[in-house]
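Results of the structural survey
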Amino acid sequence: MSGRSTRPASARAAAASSLTRAAERFPDLPAVNLDAAGLDPRDAALATAIHRTVLQRWITLEYLLNRCLASPMHSLEPALQAVLLTGSAQLIFMQRLPAHAVVDEQVKLARRMVREGAAAMVNAVLRKVSGMVRDFEPNVEWFPSRDRLPLDAGSVVLSDVFLPETDHTARHLAIATSTPRALVNRWLAAFGLQKTTAFCLHGVETPPVIVSVEPGFNAQLTEEYQPHKAPGFLMWRADQSALKMFLAQHPDRRVQDPASATPIRSTADLHVTRALDYCAGRGTKTRQLAVMHPEAIIAATDIDGERRSALNRATERFPNVIVVGPDSQPKEKIDLLVLDVPCSNTAVLARRPEARYRFDTKSLGSLVTLQRQIVRKTVGWVRPGGTILYSTCSLERDENHEQARWISQQVKGTISYESQVEPAGRVADYQDGGFHALIHLP
C-alpha cells in the first residue's frame, strides 16, 4: 500500500480502513472491530452497516467482483480489496444508497487510500457491479435461484444468472449466503437441507441488540426498546449512549441474547457456595451467575489480559465476584465450574460473521483439542458431588455432545441435562444458538 492517509475521515473510509486490515489476513480473521471514533451518529451507523455487510457477505462479494476483474480479487493489495468490497456491499445490498454517489465516493477513497491510478479501475469495476442489480424485493422471501441473493427480509434480484447452478446445492448456498462450502457440506450431512438453509440464512441476518432486564421489569413498547418474545428481554432500538444509561440504572441489566442466558439459568436449582467461571470473557455470564447465586463466592478469569480488564470493570458492582489470574488455583474445592469454552462460533455467525471464514476440519480439530486442555486443567478443582457447566456457541457435535460425553468419562460423572439451541427468528423472536450440558461428579 502507498503512504497515503488512511485516517477515517468518513463512514466509508472508516469501514475501508478496518477492512484493509481484515483483507491482509483473510480468511483467518480475528474479531474485526470498527473504529468509528470521531464520526457523528449517522456516519457511525453507516460505517457499521457497511462493515458488517462486508464481513457477512465476503464470499458473495468476492465471487461477484471476480466476474468484473482481470485478476482474482485476493491477488490485489489489501487497501484496494477493501475499497472494492465496501463499494460492492453498498451497491448490492444497501438499496437506499444512490449507486452513482456510492461509485463517486469509492473512487475518491481509492485515490486517498490506495493511489491515483487505482481510481479508474475502481470506477470501471463498481459500475459493472452496479449493473448486476436489477431490483430489490423486500417482501419476497429468498428462494434458491441463480439471480437472487437473500436480504434480512426479501431478496436482491440480479440482472442475470450470475450465481452457481441451484442443482449444485452446497456451492450455490455457499455463494448465495457467504458460508464456506466446508461448513455447508458439514451441516448438510448433520442436519439436512432444510435446516442447513435456515442456518445459512440466519448467518446473514442483521442481529438486534438484545437486553436482559431485572425480574419485574415492565416491558412496554417505547422509542428506546420493544419487548422480546422471551420474557425478561428487550429489543434495543435507540443509540449506544442511551443504552449505556439504561444499563447503568440496574446491575441486573446486561446485553445478552436469550440463548446465551440459558446455560447459567440451568444452574438455578444447584446449591452453590463457591464457583469458578474460567473462560469468563468480558463477564456477561459471570454477572448472570452472581445474580443467580447471590450467596456464593464466584471467582472469574480469562486468559486474555484485555478481556480480564473488561471483566474487572463489568463486575465492580457485584461484591460476590472476585477476578483472579488464569493460573490461580482455588484454595478450596468448588461446587460449580463454568466452562464457556472457546469454540467455532457456528451457532452465532450473524453476530460473529468473521468466524465462518476460519472454519475447516483442521481448525475444528484444534478447538476440540484446546477445549479438552481447558477441561483437564480445571476439573480437578471441583469437589466430589459438584457440577461442571460446559457450554459453547457452536452447532458442531464434536464441540458439543461428544465433548460432554468425554468430560463425563474423564470425571466418572453423569450428564444430568444437555440442550442444543438453534439460531432462529427475526427481530422480536431473534435468538442465537448454542449448547450446554450439566455434568455431575460422583
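About the cut-offs
Residues numbered from 1 in each chain as written. Predicted model: local features only at pLDDT ≥ 70, side-chain atom pairs only at ≥ 80, totals over all residues. Heavy atoms only, no water. Helix = DSSP H or I, 4+ residues; strand = E, 2+ residues; numbered from the N terminus. Rg over C-alpha atoms; globule rule 2.2 N^0.38 Å. Buried < 20%, exposed > 50% of the residue type's maximum accessible area, 1.4 Å probe, protein only. Core = buried A, V, L, I, M, F, W, Y, C linked by side-chain atoms within 4.5 Å. Pairing = 2+ DSSP bridges. Axes fitted to C-alpha atoms, helices over the stretch in contact; angles between N-to-C directions. Contact = heavy atoms within 4.5 Å. 1 Å grid on protein atoms, 1.4 Å probe; cavity = no way out; pocket = protein on both sides within 12 Å on 5 of 7 lines; lining within 4 Å. Points joined across faces, edges and corners; volume = space filled by probe spheres on them. Nonpolar A, V, L, I, M, F, W, Y, C, P; charged D, E, K, R; others polar. Parallel < 35°, antiparallel > 145°, perpendicular 65-115°, else oblique. Salt bridge = Lys/Arg side-chain N within 4 Å of Asp/Glu carboxyl O. Left-handed = near helix turned anticlockwise from the far one by under 90°. Disulfide = S-S within 2.5 Å. Phe/Tyr/Trp six-rings, centres within 6.5 Å; stacked < 30°, edge-to-face > 60°.

In this section: the overall build of the protein. Across its full length, the protein holds 15 helices and 14 strands. Whereas a compact globule of 442 residues would reach a radius of gyration of roughly 22 Å, the protein reaches 23 Å, a difference of no more than 12%. Judged by the C-alpha coordinates and their principal axes, the protein covers about 70 × 45 × 45 Å. The buried share of the protein, reckoned over its 442 residues, is 52%.

What follows is about the nonpolar core. In this structure, Trp 58, Leu 84, Ile 92, Leu 149 and Val 156 are the most contacted members of the largest nonpolar core, which totals 68 residues. The biggest single contributor to this core is helix α3 (residues 78-93), with 10 residues. Counting 23 residues, the second largest nonpolar core, distinct from the first, contains Ile 334, Val 341, Val 382 and Tyr 390.

Turning our attention to the sheet that holds strand β10 (residues 321-323). As summarised here, the arrangement of the 7 strands in space is β10-β9-β8-β11-β12-β14-β13, forming an open sheet in which the pairing is mixed. Edge positions in the open sheet fall to β10 and β13 (414-421), since each of these has one partner strand only. Looking at each pair of strands side by side, their axes are set apart by 15° on average, direction ignored. In this sheet, strand β14 (residues 434-440) lies alongside β13 in antiparallel orientation, the contact comprising 7 bridges. Each bridged residue has a counterpart across the sheet, and for Val 421 the counterpart in β14 is Gly 434. Across the sheet, helix α11 (residues 284-292) lies against β8 (274-277), β9 (297-300), β10, β11 (334-340) and β12 (382-392), angled at about 175° from β9, the strand it touches most.

A few words on the layout of surface pockets. A volume near 260 Å³ is recorded for the second largest pocket. Around the second largest pocket, the lining comprises 13 residues; the ones closest to its centre are Ile 297, Ala 299, Pro 330, Lys 331 and Glu 332. Counting residues per element, the ones that place at least two in the lining of the second largest pocket are β8 and β9. The biggest single contributor to the lining of the second largest pocket is β8, with 3 residues. Grouping the constituent residues of the lining of the second largest pocket by class yields 8 nonpolar, 2 polar and 3 charged.

Next up on the list: the packing of helix α2 (residues 41-66) against helix α6 (residues 169-177). In contact at an axis separation of 6 Å, α2 and α6 are set at 105° when each is read in the N-to-C sense. Relative to α6, the element α2 is oriented roughly perpendicular. Of the residues in α6, those touching α2 at Gln 56, Arg 57, Ile 59, Thr 60 and Tyr 63 are Arg 171, Ala 174, Ile 175, Ala 176 and Thr 177.

The final tally for this structure, using the stated rule, is 22 salt bridges. Among the ionic pairs, Arg 253 bridges to Glu 214, the shortest N-O distance being 2.9 Å. Note that Arg 253 is positioned in the loop between α9 (240-248) and β7 (254-255) and Glu 214 in the loop between β4 (210-212) and β5 (225-227), a separation of 39 residues in sequence. For Asp 302, the salt bridge identified is with Arg 307, shortest N-O distance 2.9 Å.

To continue, consider unusual backbone geometry. Cis peptide bonds are those with omega within 30 degrees of zero, and the linkage from Phe 26 to Pro 27 qualifies with 10°. Relative to the helices and strands, Pro 27 is located in the loop between α1 (11-25) and α2. Backbone geometry at Asn 345 places phi at a positive 65°, although glycine is not the residue there. Position of Asn 345 among the secondary structure elements: in the loop between β11 and α13 (355-358). Judged by relative accessible area, Asn 345 falls into the buried class, the value being 7%.

Moving on, we come to empty space enclosed by the protein. Tallying each qualifying case throughout the model produces 1 cavity of 30 Å³ or more. Lining the largest cavity are Trp 187, Phe 199, His 202, Gly 203, Thr 346, Ala 347, Val 348, Leu 349, Ala 350, Leu 395 and Pro 423.

Next up on the list: the packing of α1 against helix α4 (residues 99-113). Packing of α1 against α4 brings their axes to within 11 Å, and their N-to-C directions diverge by 55°. With respect to α4, the element α1 is oriented oblique. Here α1 runs over α4; the crossing is right-handed. In this structure, α1 uses Arg 12, Ala 13, Ala 16, Ser 17 and Thr 20 to contact α4, whose residues at the interface are Val 102, Glu 105, Gln 106, Leu 109, Arg 112 and Met 113.

For the coordinates displayed, the defined rule picks out 0 disulfides. Take Cys 200: it sits in no disulfide, and the sulfur closest to it among the cysteines is that of Cys 393, at 17 Å. On the basis of relative accessibility, which here comes to 1%, the residue Cys 200 falls in the buried class. Cys 343 supplies the cysteine sulfur nearest to Cys 393, a cysteine that is in no disulfide, at a spacing of 3.5 Å.

Within the secondary structure, Phe 435 sits in strand β14. Judged by its relative accessible area of 1%, Phe 435 falls in the buried class. Sequence separation of Phe 435 and Ala 259 is 176 residues, and the distance between their C-alpha atoms is 8.7 Å. Apart from the residues within four sequence positions on either side, Phe 435 is in contact with Tyr 390, Ser 391, Thr 392, Ser 394, Asn 400, His 401, Ala 404, Glu 418, Ser 419 and Gln 420.

To describe a pair of aromatic rings, one takes the distance between the centres and the angle between the planes. Tallied over the full model, the rule gives 11 aromatic pairs. For the pair Trp 236 and Phe 246, a centre-to-centre distance of 5.1 Å together with 40° between the ring planes defines the contact as tilted. A residue pair is termed long-range when its members are at least 10 positions apart, and Trp 236 in strand β6 (residues 233-236) and Phe 246 in helix α9 qualify at 10 residues. Across this residue pair, the class does not change: Trp 236 and Phe 246 are buried. Between the aromatic rings of Tyr 278 and Trp 381, the centroid separation amounts to 6.1 Å while the plane-to-plane angle is 65°, which identifies the pairing as edge-to-face. With Tyr 278 in the loop between β8 and α11 and Trp 381 in the loop between α14 (361-378) and β12, this pair connects stretches of sequence that are 103 residues apart.

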